[in-house]
Amino acid sequence: MNSTLKLWTQLGLGTALAGGLLAACSGGGEAGGEAGGEGATSQPEAAATAGEGEGGSGEGEGGGAAAGGEGEGGVAVADAAKDPVAYGIALAVAEAHVAAAKDAYAAGKKDAAAEMFAHPVSEVLLDMDPVFTQLGVADVKPLFSAASDAALAGKSVAEVNAAYDKIIAALRAAAQKAPAGGTRGKVATGVIADMIERASAMYRRLAKDAAYEPYLDGYGFSRVAASQFAASGAAIKAENPAAHARIAEALALLAKAYPGAARPAKLPVEAGALSGASAKVMLAAGS
């Protein structure tokens with residue numbers, strides 16, 4: 001299946017358009033409203049409610065949702081060995097968690113950081129093991145566990161950052177083993193669109209969920225989308241100027257929605273606006 005069509009299917013484009021873009025144009029959607037701070041809930045992966053953001057195959061709200069249960073973290077593992085977009089999404093989901101964990105630890109959220117460092121092991125990496133083996137990628141799971149252990153032990157920020165740096169280096173090495181197919185701009189657009197929708201899906205939960213974890217998940221997705229755009233923006237612009245413009249608009253809005261690793265007491269952006277921005281990115285990505 002064409003990667004763009006697969007992306008649209010995974011992201012539930014039809015529902016995203018109906019519930020996101022149209023709602024945003026008419027001023028609908030879930031208002032940002034009061035968010036109730038960071039909340040007391042610290043259940044691992046409170047964000048993984050079916051159909052929202054990280055897992056499940058719900059109605060258009062799970063960015064890159066795992067159709068047919070392919071991957072607990074909403075990653076199409078069955079496609080990752082041959083589809084560079086699916087492969088890139090798997091790596092990006094793992095990176096989003098550790099990016100959020102690193103910043104959360106620096107902000108004093110040590111328990112949340114430890115959980116976020118550990119989550120990709122069960123959500124993505126275990127399922128990706130056969131793919132990594134096939135492509136000759138070294139086992140990266142121990143690096144995530146070591147970073148989680150460092151956070152739990154209350155190590156210095158410098159030590160936790162060093163553990164994070166090792167993970168990023170391993171993920172960059174893994175990226176070099178990506179399956180062939182597609183241009184750099186097209187692959188990057190697919191991965192970034194997925195991260196934007198995941199961040200948007202998490203944000204849609206926040207008006208009704210005072211827990212910290214959904215915010216932190218969305219923060220990580222937004223940060224990885226921004227970093228990948230910084231690295232591949234020129235290639236995207238050369239191949240698809242419309243997608244480049246829509247991604248830039250969505251990322252500017254996400255930067256306001258997720259101003260830092262600590263969840264703000266009041267949500268600064270209307271959720272419907274993010275949904276609309278994400279839907280526009282998906283439309284442009286398929287053009």
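Provided above is the structure to which this section pertains.
Residues numbered from 1 in each chain as written. Predicted model: local features only at pLDDT ≥ 70, side-chain atom pairs only at ≥ 80, totals over all residues. Heavy atoms only, no water.

Quick look at the overall build of the protein now. Tallying secondary structure elements over the protein gives eleven helices and zero strands in all. The helix and strand sequence of the protein, counted from the amino end, reads α-α-α-α-α-α-α-α-α-α-α. Within the span of the protein, comprising 287 residues, buried residues form 55% of the whole. Total accessible area computed for the protein in this model is approximately 10,900 Å², and 57% of it derives from carbon and sulfur atoms. (Helix = DSSP H or I, 4+ residues; strand = E, 2+ residues; numbered from the N terminus. Buried < 20%, exposed > 50% of the residue type's maximum accessible area, 1.4 Å probe, protein only. Areas by Shrake-Rupley, 256 points an atom, 1.4 Å probe, with all protein chains shown as cover.)

This next bit is on the packing of helix α9 (residues 212-239) against helix α10 (residues 241-257). Helix-helix packing is characterised by the crossing angle of the two axes and by the distance between the axes. Where α9 contacts α10, the two axes come as close as 9 Å, and the packing angle between them is 155°. As far as their axial angle goes, α10 and α9 are roughly antiparallel. For α9 against α10, the interelement crossing comes out left-handed. Judged by residue contacts, Y215, S222, A225, A226, F229, G233, I236, K237 and E239 of α9 engage P241, A243, H244, I247, A248, L251, L254 and A257 from α10. By residue class, the composition of the contact of α9 with α10 is twelve nonpolar, three polar and two charged. (Axes fitted to C-alpha atoms, helices over the stretch in contact; angles between N-to-C directions. Parallel < 35°, antiparallel > 145°, perpendicular 65-115°, else oblique. Left-handed = near helix turned anticlockwise from the far one by under 90°. Contact = heavy atoms within 4.5 Å. Nonpolar A, V, L, I, M, F, W, Y, C, P; charged D, E, K, R; others polar.)

When you line up the elements, A265 lands in the loop between α10 and α11 (271-285). Expressed as a C-alpha distance, the spacing of A265 and A210, which sit 55 residues apart in the sequence, is 9.4 Å.

Turning our attention to the layout of surface pockets. By volume, the largest pocket is sized at about 500 Å³. Looking at the largest pocket, it is lined by 19 residues, and the ones nearest its centre are G88, R172, A175, Q228 and S232. Those elements that place two or more of their residues in the lining of the largest pocket are α4 (84-106), α7 (157-175), α8 (184-206) and α9. Considering every element that reaches the lining of the largest pocket, the biggest residue donor is α4, with six residues. Here the lining of the largest pocket is built from residues that sort into eleven nonpolar, five polar and three charged. (1 Å grid on protein atoms, 1.4 Å probe; cavity = no way out; pocket = protein on both sides within 12 Å on 5 of 7 lines; lining within 4 Å. Points joined across faces, edges and corners; volume = space filled by probe spheres on them.)

Before going further, it helps to examine the pattern of salt bridges. Enumeration according to the criterion identifies nine salt bridges in this entry. Across the pair E197 and R204 runs a salt bridge whose closest N-O atoms are separated by 3.0 Å. The residues E197 and R204 share a single accessibility class, namely buried. Linking R205 and D209 is a salt bridge whose minimum nitrogen-to-oxygen distance equals 2.8 Å. This pair shows no difference in class: R205 is buried, exactly as D209 is. (Salt bridge = Lys/Arg side-chain N within 4 Å of Asp/Glu carboxyl O.)

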